[in-house]
Amino acid sequence: MTIRVLSIASEAAPLVKTGGLADVAGALPAAVAAHDVAMTTLLPGYPAVMGAVGTGGGKTRAVHTWPSLLGEPARLLSGTIGDHPLLVLDAPGLFRREGGPYGDATGRDWADNGLRFAAFARAAADIASGAVKSLRFDIAHAHDWQAAMAPAFLRFAPAGIAPPSVMTIHNMAFQGHFPATLFPRLGLPDEAWSINGVEYHGGVGFLKAGLDSAWAITTVSPTYAREIRSSEFGMGLDGLIRARGNQVHGIVNGIDTREWNPASDRALANTYSARTLARRAANRTALESAFGLELGSGPLFVVISRLTWQKGMDVLLSALDHLVGTGARLALLGSGDKALEAGFVAAAGRHPGRIGVRIGYDEALSHQLQGGGDAILVPSRFEPCGLTQLYGLAYGCVPVVSRTGGLADTVVDANPAALAAGAATGVQFNAVTHEALCDAIDRTVALYRNGALWQAIQRAGMKSDFSWGRSGKAYADLYANLLEAR
Ligand code: ADP
Ligand code: GLC
């Protein structure tokens, strides 16, 4: 029997993306379809999403209206995202505004984010429990804090109408905390105002409420699932995670191989495969010219990242003089903290021709960096899964990563045993410190200078399993188990 799942996400590629959540929410429907799961994605009606559903050639239609969704008029549109069904919550007062999904053009969070995403989750809970006659779902699957109130609304719904819910943590660092004054606007019963409900440190905690209410919790790698049981990674919610015991599952992300395949990637000057690695050379030359880099004999490191503390970008900044000293070069694409942005721009000024920096967000350039760079640096302090190292594996852009979260689970360090077995796919280092990163850069440069060995690492990465195969099955099995337990 086909299992019908409502996937509730605040972003999904290719319609709206600020990070890896969008890649995963965008890829999940196809990943589970292979295992008899029919997934429908619910997105907020931001302008970018409204534009996309509006161009559906008349296929878009309104399937439901709410005269007052937590006080706002709203309607539900039905359309498609890729080959899969899409629902869009069109609540103009909440989502039709210029800027990003969570904040204005200057990056400042919208002041009403609590209400915006509570309304989004309220709509999701209504849909999942059968409020829209033409839509039926067996499971509600919420992603991150923006959707996390959905399991809570379902839990406090009248008995018998709510389906089982799954809460996926893509990043424990973002929890959605709002003042207690939001609570009366949520329409929840008084009993929900409790430490076993939505209350968290005197306010409303969205992720906390979702983790407390969902039937099952998942996060995006087995190692991160273990890490968030500790106070170092649990960000205050580790006690709750420990209390949920074996209802917490680590399921590693895959990549969408239709979007990310070097053999068919239209952003690349030259497409290639593991057998035609030499064709990458033209892509590298294109990058060197795009980033104003000298041609050189050392490796070209690349970075595609939010420029933040989580991503270890301050440590990378401190290692750039060392990197250049080894004869390597760096091309960086990213945006984020203003001080880090300025730091990288200054480093490029200090090392003209050796370091090239592009501040901003550029999807095509991110593909070109993977298709032409020699190694991708991911020195994260924590990383629930990480996708750029997976794209690196698929593209023969060797990942150099810290040993944490999904980075630990997806990259095989080039230690002597792994090299001898032909299993190495990248370089790992332990603590995110200046010394450890410099050491990892040295090891990478040395491996690179042994051409045959380097190609073996590239090929092993390209052959490693970064597909959704096993993880799609793991989600399908989880849904089936919840329905059985019901
Ligand atoms: P996170 O979601 O924590 O930022 P991930 O590695 O899971 O980290 O996903 C980041 C996604 O965003 C990847 O698809 C990556 O290619 C993309 N990305 C990050 N920064 C940029 C940028 N400046 N330009 C284009 N794509 C970017
Ligand atoms: C978050 C995490 C990242 C993960 C992504 C998708 O943004 O920071 O590690 O890959 O979600 O699950």
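Scroll up for the structure.
Just so you know, these numbers come straight off a predicted model, no measurement behind them. Throughout this description, residue numbers start from 1 for each chain and increase along the sequence as written. Chains carry letters and ligands carry numbers; both start at the beginning, A for chains and 1 for ligands, and go up in the order they are written. Reporting of local features is limited, given that this is a predicted model, to residues whose pLDDT is at least 70; pairs of side-chain atoms are given and counted only at 80 or more, and all residues count toward the totals for whole chains, interfaces and linings. Side-chain measures were taken over the full set of non-hydrogen atoms in the model, leaving aside hydrogen atoms and water.

Caption draft 1: Seen up close, the site of ligand 1. Near ligand 1 there are 19 residues, and of these Lys17, Gly20, Arg306, Lys311 and Gly360 occur at the shortest range. Contacts described as polar in this section are N or O atom pairs within 3.5 Å, which, within protein, must combine one atom able to donate a hydrogen with one able to accept it, while residues neighboring in sequence count only if both atoms come from side chains. Lys17 places a polar side-chain atom, nitrogen or oxygen, 2.8 Å from an oxygen atom of ligand 1. Separating an oxygen atom of ligand 1 from a backbone N or O atom of Leu387 is a distance of 2.8 Å. Accessible surface is estimated by sampling points in the Shrake-Rupley manner with a 1.4 Å probe; for residues, cover comes only from the protein chains shown. Taken by itself ligand 1 offers 560 Å² of open surface, and the protein chains cover 93% of this. Elements with a contribution of two residues or more to the shell around ligand 1: helix 1 (20-33), strand 13 (300-307), strand 14 (329-336) and helix 16 (388-395). Strands are runs of DSSP state E lasting at least two residues, helices are runs of H or I lasting at least four, and both sets are numbered from the N terminus onward. When residues in the shell around ligand 1 are grouped by element, the largest group, three residues, is from strand 13. When we say a residue is near a molecule or strand, we mean one of its heavy atoms is within 4 Å of it.

Caption draft 2: Broad picture of the sheet that holds strand 10 (residues 203-205). Should DSSP find at least two bridges between two strands, the strands are regarded as paired. Reading across from one edge, 8-10-9 is the order of the three strands in this open sheet, with antiparallel pairing throughout. Only two strands of the sheet have a single partner each, and these edge strands are strand 8 (177-178) and strand 9 (199-200). Where strand 9 meets strand 10, two bridges bridge the pair, whose relative direction is antiparallel. Within strand 10, the residue paired with Glu199 across the bridge is Val204.

Caption draft 3: Highlighting helix 7 (residues 206-213). For helix 7, the buried fraction is high: eight of the eight residues fall into the buried class. Turning to helix 7, its buried residues number three or more, namely Phe206, Leu207, Lys208, Ala209, Gly210, Leu211, Asp212 and Ser213. Any residue under 20% of the maximum accessible area for its type is buried, any over 50% is exposed, and the rest in between are partly exposed; the area is computed with a 1.4 Å probe on protein chains only.

Caption draft 4: Up close: the pattern of salt bridges. When a carboxyl oxygen of Asp or Glu lies within 4 Å of a side-chain nitrogen of Lys or Arg, that pair is called a salt bridge. In total, this model carries 21 salt bridges according to the counting rule given. Measuring nitrogen to oxygen at the nearest pair gives 3.0 Å for the salt bridge that ties Arg354 to Glu294. Pair noted here: Arg354 is in the loop between helix 14 (338-350) and strand 15 (355-359) and Glu294 is in the loop between helix 11 (280-290) and strand 13, with a separation of 60 residues, a long-range link. Residue Arg354 is classed as buried on the basis of its relative accessible area, which comes to 17%. For Glu294, a relative accessible area of 38% translates into the label partly exposed. Linking Arg350 and Asp321 is a salt bridge whose minimum nitrogen-to-oxygen distance equals 3.0 Å. Taken together, the residues span a long stretch of sequence, with Arg350 in helix 14 and Asp321 in helix 13 (residues 320-325) at a distance of 29 residues.

Caption draft 5: Fine view of helix 20 (residues 451-463). Working rule for helices: expected span equals 1.5 Å times residues minus one. Spanning 13 residues, helix 20 covers 18 Å between terminal C-alpha atoms, matching the ideal 18 Å at 1.5 Å per step. When helix 20 is considered as a whole, its buried residues turn out to be Trp454, Ile457, Gln458, Ala460, Gly461 and Met462. Here, two residues are considered to be in contact whenever any of their heavy atoms come within 4.5 Å of each other. On its buried face, helix 20 sits against helix 11, strand 16 (375-378), helix 16, strand 17 (398-402), helix 18 (416-421) and helix 19 (434-449).

Caption draft 6: Fine view of the packing of helix 19 against helix 20. Fitted lines through C-alpha atoms give the axes, limited to the stretch in contact for helices. The angle between two N-to-C directions lies from 0 to 180 degrees. It is the contact of helix 19 with helix 20, at a shortest axis distance of 5 Å, that shows an interaxial angle of 110°. Judged by the inter-axis angle, helix 19 sits roughly perpendicular to helix 20. Contact residues: helix 19 offers Thr444, Leu447, Tyr448 and Arg449, while helix 20 offers Gly451, Leu453, Trp454 and Ile457. Gly is placed with the polar residues, together with every amino acid not listed as nonpolar (Ala, Val, Leu, Ile, Met, Phe, Trp, Tyr, Cys and Pro) or charged (Asp, Glu, Lys and Arg). Grouping the constituent residues of the contact of helix 19 with helix 20 by class yields five nonpolar, two polar and one charged. Here the angle decides the label: under 35 degrees means roughly parallel, over 145 means roughly antiparallel, 65 to 115 means roughly perpendicular, and every other value means oblique.

Caption draft 7: View of the pairing of strand 7 (residues 165-169). For strand 7, the buried fraction is high: five of the five residues fall into the buried class. Where burial is concerned, the two faces of strand 7 agree: the one with Ser165, Met167 and Ile169 and the one with Val166 and Thr168 are both buried. The pairing of strand 6 (residues 139-143) with strand 7 spans four bridges and is classified as parallel. Note that in strand 7 the partner of His141 across the bridge is Val166.

Caption draft 8: The arrangement of the state of the cysteines in detail. In what follows, a disulfide is any cysteine sulfur pair within 2.5 Å. Applying the stated criterion to the full structure yields zero disulfides. No disulfide involves Cys385; its sulfur sits 17 Å from that of Cys397, the nearest cysteine. The buried category is assigned to Cys385, whose relative accessible area is 2%. With no disulfide of its own, Cys438 lies closest to Cys397 among cysteine sulfurs, the gap being 19 Å. Residue Cys438 is classed as buried on the basis of its relative accessible area, which comes to 7%.

Caption draft 9: A look at the site of ligand 2. Inspection of the region around ligand 2 gives 14 residues, with His170, Asn253, Glu383, Cys385 and Gly386 positioned closest. Interatomic distance of 3.4 Å between a side-chain N/O atom of Gln310 and an oxygen atom of ligand 2. One of the backbone N or O atoms of Gly386 is found 2.7 Å from an oxygen atom in ligand 2. Protein coverage of the free-state accessible area of ligand 2, which is 310 Å², stands at 92%. Here the shell around ligand 2 takes three residues from helix 1, the largest share from any one element. Split by residue class, the shell around ligand 2 holds six nonpolar, six polar and two charged. Three or more residues apiece are contributed to the shell around ligand 2 by two domains, here domain 1 (3-254 + 469-485) and domain 2 (274-463). Source of the domain bounds: an automatic or database domain assignment.

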